[in-house]
Amino acid sequence: MTALPIMPSLRLDGMRALVTGASRGIGRAAAVALASVPDQIRGYGHVKEKSISDAKQLHEQRLHAFRNPAHEQRLRAIIAEEAPELVVCLSSDVVPEIGEYERASTTVCNAYVLPLFERYLQRLGDGLRGIGLTGPLYMMLSDGGTVHERTAVRHPIRLVQSGPAGGVQATKIYGATSGAADVLCFDMGGTTAKAALIDKGEPAKSLDFEVARVDRFRKGSGLPLKVPVIDMIEIGAGGGSIARVDRLGLVRVGPDSASSDPGPACYGLGGTQPTVTDADLVLGYLGAGSFLGGDMKLDVAAAERALAAQIGEPLKLSAVEAAWAIHETVNNAMAQAASIHALEKAKRIEDYVLVPIGGAGPVHACHLAQKLGLARIVVPTGAGVASAFGFLAAPILFSFVQGWVAPLATLDFARLRDVLGGMTREGARMVAEAGVDAAQATTRIQGAMRYAGQGFSVEATISESAIASGDTAGLRAAFEAEYLRLYGRIERDVPVECVSWRVVVSGPVPDVDLTATAGTQGAATRAKRGERPAYFPAAGGFVATPVLDRAALRPGDTVQGPALIEERECTLVLPPNTRAACDAALNLVVDLT
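Keep in mind that this is a model prediction, so the values were computed, not measured.

A. Layout of the overall build of the protein chain. For the protein chain, the count of helices and strands is 13 helices and 30 strands. Buried positions account for 52% of the 593 residues belonging to the protein chain. For the protein chain, the share of sequence-separated contacts (at least 6 apart) that also reach a separation of at least 24 residues comes to 68%. As displayed, the protein chain offers around 25600 Å² of accessible surface, 53% of which is attributable to carbon and sulfur atoms.

This is the structure:
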């Protein structure tokens, strides 16, 4: 497990503070992370040993600030007097839940990024106003909701997974437009590939996340964050991931990346390491003259040299064989990881429709789907910028949580109604600030519960009527229904404990009609740009393959594989014996059977 860095200590007359940062001078001066203060605070006064204003982050940890934030709030007031230029992050504000280490890690990370995020928002806002865009600015959160910038800047750690979350939100819409309720979102970009399961039109959510993993795929090797996120996993490499031969003579891809500078060898910017993009170019899947709509020319010879030197020579393979080895290695790894992810959720991966997004997603989608045994994939238009579309199509939403460990049988419902009422009012204020009319706002209550003696909890949706009437049996029934769905069994004779309560306040989902722009493009016969050799081993190697302009396809058009269907941000590789049909929303629905 990655440990939080600890530097020299400060003392506030008996209160120990751990410095987890460096000198002052970013944002509004610095950020202070506080997880709590001692149970009894004596002798408040000046700071000894060292000036508090030298700290970038301060972190003092105790167990129960999530139950009673009074000491944290008092310490914040003292710091405001001693060093008013400091920004203070309290754990009772950021993540008021049980779990000392996770609470500390999340608060420290929030404080670490807060001044940087403030500066970024300032530059972004200035830039937007400079080009005449004066409307409100909204930010995507990691759980798929959006908030006003003033809300986002208080909890920037909640944006840590916002880019991929936008992609999942877009995928949910693409699946719905094609009639697919159960969707496997496959997002392959420049550095990683991620997957998320969408069941009955809704992506799974998680309350735990890790960053800065020491071992890329090993859970527990990073810093834990207790923030609501869309449940997705990293399943493989991206277009810029570097390939090599390991000590066993096997091709390995990633986790290191060539980034954008120098980038893959084919970019011609000085890179010499072979990447997934180099392999896809040599296989003919990418066009050297049509990358980024023709704005960026790719160097095929440079890609071949890198593949031959780093992969081909050690394994006695040609550049093409080396490229195919990389392509297959990446696809096999992603197929295995996606299958395991579904099995861990007690799902059959074969029951899902694959929706590929990201710049590299459509290139690998058909080959990946064939390895998974899927019958159909849906490729949206603009797949390479799907996350941006997801940002625009996401509702205003923010969730609040309050930790409170108590036996369900003796739960104080009067106190619970007060706690939930406070979070509901704050949520209504936040969504109103984002422009949502009060009549359009909705509220959802979730209770995290567990059987007595367990170390983990399960969140269940709780009706407002059950809270209002003090229906203990109804709360237990909601918990056990969710527990049964997840684990296939319940423990009728074991007492239930409540762990935390969550209120999710949201505005309406934007009405997105993707069919509004359909049917305006040219006929499929005019979509063909030409052809180029593309590598399909099942067809004997390189095959003269038609290249089509995605923008020229209209609803009702069909394309028989093999084919390469290009748009500015990505290319769909359609293998032999497959067929794509353009639907009313301009999705390409690919039949793999």
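B. Summary view of the sheet that holds strand 23 (residues 496-506). With antiparallel pairing, the four strands of this open sheet are ordered in space as 20-23-21-22. One side of each edge strand has no neighbouring strand; the edge strands of this open sheet are strand 20 (397-407) and strand 22 (458-462). The sheet shows a mean angle of 25 degrees between the axes of neighbouring strands, taken without regard to direction. In terms of strand pairing, strand 21 (residues 442-451) meets strand 23 through 10 bridges, oriented antiparallel. Bridging across to strand 23, A448 finds its partner in S500. Across the sheet, helix 13 (residues 472-487) is in contact with strand 21, strand 22 and strand 23; its angle to strand 22 comes to roughly 130 degrees.

C. Molecular detail of the pairing of strand 8 (residues 183-188). For strand 8, a buried count of six out of six residues is recorded, marking the element as mostly surrounded by other parts of the structure. Burial along strand 8 is two-sided: the residues V183, C185 and D187 and L184, F186 and M188 are all buried. The sheet contact formed by strand 8 and strand 9 (residues 192-199) spans six bridges and is antiparallel. When the bridges of strand 9 are listed, F186 appears paired with A195. Adjacent in sequence and paired antiparallel, strand 8 and strand 9 are bridged by three residues. Two strands pair when backbone bridges link them, and strand 8 and strand 18 (residues 353-357) are joined in this way by five bridges, in the parallel orientation. Bridging across to strand 18, L184 finds its partner in L354.

D. Structural detail: the nonpolar core. In this structure, Y285, I326, I377 and V590 are the most contacted members of the largest nonpolar core, which totals 69 residues. When residues of this core are assigned to their parent elements, the largest contribution, 10 residues, is made by helix 8 (residues 319-344). In this structure, V590 is in contact with C366, A375, R376, I377, V379, L572, L574, T578, R579 and A580, ignoring residues within four places of it in sequence. Counting residues in each nonpolar core, the second largest holds 40 residues, with F400, A406, A460 and Y483 among its members.

E. Highlighting the sheet that holds strand 24 (residues 528-536). Across the sheet, which stays open at both edges, the four strands sit in the order 24-25-27-28 with mixed pairing between neighbours. Both edges of this open sheet fall to strand 24 and strand 28 (571-574), since each of them pairs with a single strand only. Adjacent strand axes in the sheet meet at a mean angle of 25 degrees, parallel and antiparallel pairs treated alike. As paired strands, strand 27 (residues 563-566) and strand 28 are joined by four bridges and run antiparallel to one another. Bridge pairing links E566 to T571 in strand 28. Helix-sheet contacts for helix 9 (residues 361-372) involve strand 24 and strand 28, and the interaxial angle to strand 28 is about 20 degrees.

F. Quick peek at the pattern of salt bridges. In the structure shown here, the tally under the stated rule is 23 salt bridges. For the salt bridge of D126 with R129, the shortest nitrogen-to-oxygen distance reads 2.8 Å. Here D126 and its partner R129 are both found in helix 3 (residues 100-130), three residues apart, which amounts to about one turn of the helix. Residue classification places R129 among the partly exposed positions, given a relative accessible area of 48%. Across the pair E426 and R154 runs a salt bridge, and its minimum N-O distance is 3.7 Å. Note that E426 is positioned in helix 11 (residues 413-433) and R154 in the loop between helix 4 (149-152) and helix 5 (162-177), a separation of 272 residues in sequence. For E426, a relative accessible area of 25% translates into the label partly exposed. One continuous salt-bridge network, built from bridges that share partners, spans R529, R532, D549 and E566.

G. Representation of helix 13 within the structure. Along its 16 residues, helix 13 runs 22 Å from first to last C-alpha, staying within 8% of the 22 Å computed at 1.5 Å per residue. Residues of helix 13 that are buried include every one of L475, F479, E480 and Y483, and no others. Seen end-on, helix 13 carries its buried residues on one side only, within an arc spanning 125 degrees. For helix 13, the exposed residues lying more than 90 degrees away from the buried face are A473 and R485. Measuring from the side-chain oxygen of the N-cap residue of helix 13 to the backbone nitrogen of A473 gives 3.3 Å; that N-cap residue is D471.

H. Fine view of helix 11. Over its 21 residues, helix 11 extends 30 Å from the first C-alpha to the last, a length consistent with the 30 Å expected when each residue adds 1.5 Å. Among the residues making up helix 11, those that are buried are F413, L416, L420, G421, M423, G427, M430 and V431. Buried residues in helix 11 make contact with helix 4, strand 20, strand 21, helix 12 (464-469), helix 13 and strand 23. Between the side-chain oxygen of the N-cap and the backbone nitrogen of A414 there are 3.2 Å, and the N-cap of helix 11 in question is D412. Backbone geometry just after helix 11 places G435 at a positive phi near 95 degrees.

I. Representation of the confidence of the model for the protein chain. Here the protein chain shows a mean pLDDT of 84. Residues at 70 or above account for 87%. Counting contacts from residues 1-53, a segment whose pLDDT is below 50, to residues more than four positions away or on other chains yields 163 contacts.

J. Spotlight on the packing of aromatic side chains. One pass over the structure, following the stated rule, counts 12 aromatic pairs. An angle of 15 degrees between the planes, with centres 5.5 Å apart, marks the rings of Y174 and F389 as stacked. Of this pair, Y174 sits in helix 5 while F389 is found in helix 10 (residues 386-393), placing the two residues 215 residues apart along the sequence. The same class applies to Y174 and to F389, which are both buried. With a centroid separation of 5.0 Å and 75 degrees between ring planes, the pair formed by Y451 and Y483 is classed as edge-to-face. Taken together, the residues span a long stretch of sequence, with Y451 in strand 21 and Y483 in helix 13 at a distance of 32 residues.

K. Representation of the environment of D549 in the model. Within the fold, D549 resides in strand 25 (residues 541-549). Given the relative accessible area of 22%, D549 is considered partly exposed. The sequence separation of D549 and I565 amounts to 16 residues, and the corresponding C-alpha distance is 6.0 Å. Ignoring any residue separated from it by four or fewer positions in sequence, one finds D549 in contact with A527, R529 and E566. A polar side-chain atom of D549 sits 3.3 Å from a polar atom in the side chain of R529.

Parameters at a glance
- Residues numbered from 1 in each chain as written.
- Predicted model: local features only at pLDDT ≥ 70, side-chain atom pairs only at ≥ 80, totals over all residues.
- Heavy atoms only, no water.
- Helix = DSSP H or I, 4+ residues; strand = E, 2+ residues; numbered from the N terminus.
- Buried < 20%, exposed > 50% of the residue type's maximum accessible area, 1.4 Å probe, protein only.
- Contact = heavy atoms within 4.5 Å.
- Areas by Shrake-Rupley, 256 points an atom, 1.4 Å probe, with all protein chains shown as cover.
- Pairing = 2+ DSSP bridges.
- Axes fitted to C-alpha atoms, helices over the stretch in contact; angles between N-to-C directions.
- Core = buried A, V, L, I, M, F, W, Y, C linked by side-chain atoms within 4.5 Å.
- Salt bridge = Lys/Arg side-chain N within 4 Å of Asp/Glu carboxyl O.
- Expected span 1.5 Å × (residues − 1).
- Arc of directions from axis to C-beta.
- Polar contact = N/O pair within 3.5 Å; in protein donor to acceptor, adjacent residues only side chain to side chain.
- pLDDT = per-residue confidence, 0-100.
- Phe/Tyr/Trp six-rings, centres within 6.5 Å; stacked < 30°, edge-to-face > 60°.

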